[in-house]
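If you want the building blocks of each chain, they are given just below.
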Amino acid sequence: MKTASLFFLVLLSACAAQSASERRDFFQQFCTDCHDAQTKKGNLDLEALQAQALNADNLSRWVSIYDRVAAGEMPPKKKEQPAPDARAAFLGGLRGALIEAEAKHPVATVRRMN
C-alpha cells in the first residue's frame with residue numbers, strides 16, 4: 001500500500017464530502033500507481049507534496065490535478081475509472097480544500113504600470 005502525501009491528506013481532511021477512508025482509497029486506487037516517488041508519470045510525484053511546503057507552486061499543481069480529474073483526463077481512459085458519484089465526491093472535497101488553502105495563502109500579482 002502506497003502512502004499518500006501529507007499535503008494531500010491535509011487537504012482532504014478539511015472536506016466533509018467523503019469519509020477519510022474513502023478519500024484515501026480513491027487517491028490510492030486511482031492516483032498513486034502512476035504518480036508516486038518511483039514512477040512520476042508526467043513528472044508528477046504526489047507523494048513529494050508536503051503540507052509544510054504549501055506555496056503558490058503546490059497550490060497551482062493541485063488546481064491542475066483538480067482540473068484534470070474534473071475533465072475526465074485522469075485517470076486515463078485505459079485505467080480503471082471511478083464511479084461518477086465517487087469522482088464527484090472527491091472533486092467536491094478537493095474543491096473546498098483548495099478554496100480554503102487559497103484563502104490562507106493568497107498569491108499576489110505585481111503589475112507594471114506604464
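See the structure above.
Being a predicted model, the structure only gives us computed values, none of them experimental.

## So, the overall build of the protein chain
Looking only at helices and strands, the protein chain has four helices and zero strands in total. Order of helices (α) and strands (β) in the protein chain, N terminus to C terminus: α-α-α-α. Here the protein chain, with 114 residues, has 36% of them falling under the buried criterion. Considering only intrachain contacts with a sequence separation of at least 6, the fraction spanning at least 24 residues in the protein chain is 62%. When the accessible area of the protein chain is evaluated, it comes to approximately 7,100 Å², of which 54% is carbon and sulfur surface.

## Digging into unusual backbone geometry
With omega at -10°, the peptide bond leading from M74 into P75 counts as cis. Tracing the chain through its elements places P75 in the loop between helix 3 (56-70) and helix 4 (84-104). For K40, which is not a glycine, the phi torsion comes out positive at approximately 50°. Within the element layout of this structure, K40 appears in the loop between helix 2 (20-30) and helix 3.

## Structural notes on the packing of aromatic side chains
Evaluated as defined, the whole model comprises two aromatic pairs. Relative to F30, the ring of F26 lies with its centre 4.9 Å away and its plane at 55°, an arrangement referred to as tilted. In this pair, F26 and F30 are both assigned in helix 2, four residues apart and thus about one turn of the helix distant. The buried category is assigned to F26, whose relative accessible area is 4%. Put simply, the rings of F26, F30 and F90 touch in pairs and so form one group of aromatic residues.

How each quantity is defined
- Residues numbered from 1 in each chain as written.
- Predicted model: local features only at pLDDT ≥ 70, side-chain atom pairs only at ≥ 80, totals over all residues.
- Heavy atoms only, no water.
- Helix = DSSP H or I, 4+ residues; strand = E, 2+ residues; numbered from the N terminus.
- Buried < 20%, exposed > 50% of the residue type's maximum accessible area, 1.4 Å probe, protein only.
- Contact = heavy atoms within 4.5 Å.
- Areas by Shrake-Rupley, 256 points an atom, 1.4 Å probe, with all protein chains shown as cover.
- Phe/Tyr/Trp six-rings, centres within 6.5 Å; stacked < 30°, edge-to-face > 60°.

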